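Spelled out from the first residue to the last, the chains are:
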Amino acid sequence: TKIKDNLLSGDFGSRGEAYSAAQVVLILCILYGSIPLLGDLVTFLLGPCTILVGIVVTALGIRDLGTNLSPWPKVPENTQLVTDGLYGELRHPIYAGLLCCCLGISMWTGSA
């Protein structure tokens, strides 16, 4: 079947198995209600660090857009597609940074 062919295509380790495993671990931690053995460390250290990373990523995304930054969904005619800097690595660095901040706040305050 098509699903079986998709599962078996490509080389092991190059298809994103680590991302899939990380998602499973995160979902299990959410279902469990905390991160076993590391709960206090996550709350105390990892939450604020994640917030800081999110702020930096957001700021770099804004900087890399430069004069192409616009608050409107429909971009003006005189803008150019930015593919260098952080935009060469992430499709939406500003959104990624904001989501990272939200994740850090959630970890820091212990809210799921």
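One can find the structure itself at the top, above this paragraph.
Notes on the structure follow. (Residues numbered from 1 in each chain as written. Predicted model: local features only at pLDDT ≥ 70, side-chain atom pairs only at ≥ 80, totals over all residues. Heavy atoms only, no water.)

## A closer look at the state of the cysteines
For the coordinates displayed, the defined rule picks out zero disulfides. This cysteine, C100, is not joined by any disulfide, and C101 carries the nearest cysteine sulfur, 6.4 Å off. (Disulfide = S-S within 2.5 Å.)

## Some points on the environment of I94
Mapped onto the secondary structure, I94 falls in helix α4 (residues 93-109). Taking the C-alpha atoms as reference points, I94 and V57, separated by 37 residues in sequence, lie 6.8 Å from one another. Those residues in contact with I94 that lie beyond four places of it in its chain are T58, G61, I62, L65, L69 and Y87. (Helix = DSSP H or I, 4+ residues; strand = E, 2+ residues; numbered from the N terminus. Contact = heavy atoms within 4.5 Å.)

## Overview of the side chain of T58
Mapped onto the fold, T58 is located in helix α3 (residues 39-65). Polar contacts involving the side chain of T58 include one to the main-chain carbonyl oxygen of G54, which spans 2.8 Å. If we ignore the near neighbours within four places in the chain, the residues touching T58 are P93, I94, G97 and L98. (Polar contact = N/O pair within 3.5 Å; in protein donor to acceptor, adjacent residues only side chain to side chain.)

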